[in-house]
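Tertiary structure, described
Now for the letters of each chain:
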There are 2 protein chains.
Amino acid sequence: MEPIRNLESLVSHVAALGVKKRLAVAAAQDSHTLGAVFMAVRAGIVEPILVGDSAKIAAETEKAGISGLEVVHVPNTADAVKDAVRLVRSGEADILMKGLVNTDVYLRAILDKEQGLLPPNSVLSHVCVVQVPSYPRLLFLTDVAVIPFPTLEQKLAMTRYAVETARRFGIAEPKVALLAATEKTSPKMPNTVDAAIIAKQCDRGQYTGAVVDGPLDVFLACDPASLPIKGLQTPVAGEADVLVFPNIECANILYKGLMLFAGGELAATMMGTTRPVTITSRSESALSKFYSVAMACLQ
Amino acid sequence: MEPIRNLESLVSHVAALGVKKRLAVAAAQDSHTLGAVFMAVRAGIVEPILVGDSAKIAAETEKAGISGLEVVHVPNTADAVKDAVRLVRSGEADILMKGLVNTDVYLRAILDKEQGLLPPNSVLSHVCVVQVPSYPRLLFLTDVAVIPFPTLEQKLAMTRYAVETARRFGIAEPKVALLAATEKTSPKMPNTVDAAIIAKQCDRGQYTGAVVDGPLDVFLACDPASLPIKGLQTPVAGEADVLVFPNIECANILYKGLMLFAGGELAATMMGTTRPVTITSRSESALSKFYSVAMACLQ
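Residues numbered from 1 in each chain as written. Chains lettered and ligands numbered in written order. Predicted model: local features only at pLDDT ≥ 70, side-chain atom pairs only at ≥ 80, totals over all residues. Heavy atoms only, no water.

1. With respect to the overall build of chain A
Heads up, the rule is: Runs of H or I in DSSP of at least four residues are treated as helices and runs of E of at least two as strands, each being numbered from the N terminus. All radius of gyration figures rest on C-alpha atoms, and the globule criterion is 2.2 Å times the number of residues raised to 0.38. Buried, partly exposed and exposed residues are distinguished by accessible area as a fraction of the type maximum, computed with a 1.4 Å probe on protein chains only: under 20%, between the cut-offs, and over 50%, respectively. Residue contacts are defined here by distance: any two heavy atoms, one from each residue, within 4.5 Å place the two residues in contact. To measure how exposed things are, a 1.4 Å probe is used in the Shrake-Rupley method; for residues, cover is taken only from the protein chains shown. Charged-residue counts in this description rest on Lys and Arg as positive and Asp and Glu as negative, His and the chain ends being excluded. For the purpose of locating charges, the reference atoms are NZ of Lys, CZ of Arg, CG of Asp and CD of Glu.
Counting its secondary structure elements, chain A contains 11 helices and 10 strands. Against the compact-globule benchmark of 19 Å for 299 residues, chain A has a radius of gyration of 20 Å, which places it among compact chains. Projected onto the principal axes, the alpha-carbon positions of chain A cover approximately 65 × 40 × 30 Å. In chain A, which comprises 299 residues, the proportion classed as buried is 58%. In chain A, the share of contacts with a sequence separation of at least 24, taken over all contacts with a separation of at least 6, comes to 68%. In the form shown here, chain A has an accessible surface area of approximately 11700 Å², with 51% of it arising from carbon and sulfur atoms. One way to put it: in chain A the 28 positive side-chain charges average out to a point 2 Å from where the 30 negative ones average out.

Here's what the structure looks like:
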């Protein structure tokens, strides 16, 4: 498969697969969420089940001139989320999509041991795919949203998830940069120690199907011109596909910086769940939510 | 004074002051450093004293067609740094500029208790001024380079330094965002607690001449459109001049992201020293080093 190099091609790639995924939308009652669902329906990639307040849903579907969508009337938000999760858990739907609901309430339903979507001992994390006009490839970032201060174990899971995702985008051997402020390892900067350990695992062949190096700064990760300037060799070679961040603060600040200052666009899904789950925030655009659904269709 | 809104105007502003600062250049023997010095000489803002290997200096001055500059021949790099620091300490020069020398060696000379440039009990930090085409004002970032994991006390000093710097750029009441992954304060995210404390000090009038709020994410700090979306009020209002970061990893990753993905250009100086000191890295362009000298001339 040809690598998917931007989010528009992600959609056309998924559409070309010819499989409509069943999308359970939890609290499907705001215009951004439903706008994204309608785009996905028009692109022919999903069959939605809209769980939420049917009056609000009817108003939006009418405005959009769309009819015939399946609606489950559950006006209470927390109940709507539980019902949507149940649909996915039972196999009646393939993908869970977040609507107009607080992240806390949404996550509680997903994490529920009896009725949720988290397998035992699974690390719950998040991969965000960002495209910016100034970089020739998609950037797979982890973790901008779920794990605050990852342990080494969690960073290993994050790296694995991001590599898996990049490979589903057709990148046969993703280049992974374990980001830091500097390429030097020092016990004073614990994140650089974690990065060195993960990178050495890659050297020892403990990772297959990916090139992993770190600690690297943003330039060594994403700017080929910086290698000769610093006189440094790294197989990532300024062509990183995946950026693994020290913690949620670094990740969140960079991803929002890319969106705001570098004209970024994104798709994002959770990782570690039994089924694909989107978790875009309420302030994300309909387009980002649509791309996130397309990304979930690939999982 | 009119606010300085970009780095070109910084230079013309400094030139219009009509004062040539004496610039001691430590290990003045690479083309980026000397290129920056020559730009500053041509702009009429400095009189340099080039401390370093006179043969290498002569080769570069000849190439640039510049003559008559003061050269002090000190071929050993560590000695050249010490001599340049001595010139500044004694008042024979006004500004210390970093040339082709490792940051460790450079800092050691500055931090020397007997012969250095650090007053007792001073917090040594760093302010970096970034301009990006996608933001209508300069961004004063701290600390991308010196303090790894600042304490609350150090964050207070960083905030004070960045506000001082912004005010020297003619921004009468700088808006300061204490950055985090979210605008919510939680003991699980210690940086958000520090931000809340500093913001409350501002509410209580403990800061004058600045508007300080946090924790704020990048959108609330720098995107006015995000306030109504989140339904949140903050006096920073998406128009931040100053960004105070949780730690060096966040700061370094965002600043390099802005340089690489958002077409950024920068100037930077150290803060807390007895005299202005530049500390741009070897990989920085001659233009960034030149802007940093102009910034030091304002201090």
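Having seen it, we continue.
2. Observations concerning the sheet that holds strand S3 (residues 70-73) of chain A
Residues and elements named next belong to chain A. Basically, it comes down to this: Here, any two strands with at least 2 DSSP bridges between them count as paired. In this description, a line fitted to the C-alpha atoms serves as the axis of each element, helices being fitted only across the stretch in contact, and the angle between N-to-C directions of two axes falls anywhere from 0 to 180 degrees.
Pairing in this open sheet of 4 strands is parallel, and the strands run S3-S2-S1-S4 from one edge to the other. Looking along the sheet, the strands with just one partner apiece sit at the ends: S3 and strand S4 (95-98). Pairs of neighbouring strands in the sheet enclose a mean axial angle of 25 degrees, with direction left out of account. With 4 bridges joining them, strand S1 (residues 21-26) and S4 adopt parallel strand pairing. In the strand pairing of S4, Ala-24 is matched with Leu-96. Together, S1, strand S2 (46-52) and S4 form the strand contacts of helix H2 (residues 31-42), whose direction differs from that of S2 by roughly 155 degrees. Contacting S1, S2 and S4, helix H11 (residues 286-298) runs over the sheet at an angle of about 165 degrees to S4.

3. A closer look at the pattern of salt bridges
Worth spelling out the cut-off: The term salt bridge refers to a side-chain nitrogen of Lys or Arg lying within 4 Å of a carboxyl oxygen of Asp or Glu.
Summed over the entire model, instances satisfying the criterion amount to 24 salt bridges over all chains. A salt bridge links Asp-194 of chain A to Lys-155 of chain A, with the shortest nitrogen-to-oxygen separation between them at 2.8 Å. Linking Asp-194 of chain A in helix H7 (residues 190-203) with Lys-155 of chain A in helix H6 (residues 152-168), this pair joins segments that are 39 residues apart in sequence. Like Lys-155 of chain A, Asp-194 of chain A is buried. Measuring nitrogen to oxygen at the nearest pair gives 2.8 Å for the salt bridge that ties Lys-256 of chain A to Asp-217 of chain B. Here Lys-256 of chain A, found in helix H10 (residues 248-261), pairs with Asp-217 of chain B, found in the loop between strand S8 (211-216) and helix H8 (218-222), and the two come from separate chains. The two residues Lys-256 of chain A and Asp-217 of chain B agree in class, both being buried. The network of salt bridges with common partners includes Glu-183, Asp-217 and Lys-230 of chain A together with Lys-256 of chain B.

4. Re the interface of chain B and chain A
Spelled out, the test is: Summed over both partners, buried area is the accessible surface (1.4 Å probe) that two parts give up on being assembled. Side-chain atoms alone can form a polar contact between residues adjacent in sequence; in general such a contact is a pair of N or O atoms within 3.5 Å, and within protein one must be able to donate a hydrogen while the other accepts it.
Counting residues at the interface gives 36 residues for chain B, matched by 37 residues for chain A. For the pair chain B and chain A, the summed buried surface comes to about 3100 Å²; carbon and sulfur atoms form 77% of the total. Three residues stand out in chain B for area buried against chain A, namely Glu-249, Ile-253 and Phe-261 of chain B, and they jointly supply 26% of the buried area on that side. For the pair chain B and chain A, the interface holds 2 salt bridges. Summed over the shared surface of chain B and chain A, the result is 8 residue pairs in polar contact (both at pLDDT 80 or more). Among the elements that make up the side of chain B that touches chain A, the one with the highest residue count is helix H10 (residues 248-261) of chain B (12 residues).

5. Remarks on the nonpolar core
Residue and element names in this part refer to chain B. Basically, it comes down to this: What we call a nonpolar core is a set of buried Ala, Val, Leu, Ile, Met, Phe, Trp, Tyr and Cys residues that are connected through their side-chain atoms within 4.5 Å.
Grouped together as the largest cluster of nonpolar side chains are 80 residues, with contacts concentrated most on Leu-10, Leu-96, Tyr-106, Phe-140 and Phe-169. Among the elements that line this core, the one with the most residues is helix H11 (residues 286-298), at 8 residues. Ignoring sequence-local partners within four residues, the contact set of Phe-140 consists of Val-127, Cys-128, Val-129, Thr-165, Ala-166, Phe-169, Ile-171, Asp-241, Val-242 and Leu-243.

6. Some points on the packing of aromatic side chains
Filter applied, for reference: Aromatic pairing here means that ring centres of Phe, Tyr or Trp (its six-membered ring) are within 6.5 Å. Orientation follows from the plane angle: under 30 degrees is stacked, over 60 is edge-to-face, and everything else is tilted. Here, over-ring charges are defined by two tests on the NZ atom of lysine or the CZ atom of arginine: distance to the ring centre within 6 Å, and angle to the ring normal within 35 degrees.
If you walk through the whole model with that rule in mind, you get 6 aromatic pairs over all chains. Ring centres 5.8 Å apart and planes at 25 degrees place the aromatic pair Phe-290 of chain B and Tyr-291 of chain B in the stacked group. Lying over the aromatic face of Tyr-161 of chain A, Arg-160 of chain A brings its terminal NZ or CZ to 5.9 Å of the ring centre.

7. Structural notes on the relation of the copies chain B and chain A
Applicable threshold: Our superposition of the copies is a least-squares fit, built on the C-alpha atoms of residues whose pLDDT is at least 70 in both.
Superposing chain B onto chain A takes a rotation of 180 degrees plus a shift of 0.0 Å along the axis, which leaves an RMSD of 0.0 Å. As the rotation angle and translation indicate, the two copies are arranged about a two-fold axis. When the interface residues of chain B are mapped onto chain A, 100% of them again lie at the interface, so the same face is used by both copies.

8. Considering the confidence of the model for chain A
Quick reminder of the rule: Confidence scores here are pLDDT values: one per residue, from the predictor, ranging 0 to 100.
For chain A, the average pLDDT comes to 95, and 100% of its residues sit at 70 or higher. Across the assembled chains, the prediction reports ipTM 0.93 with pTM 0.95.

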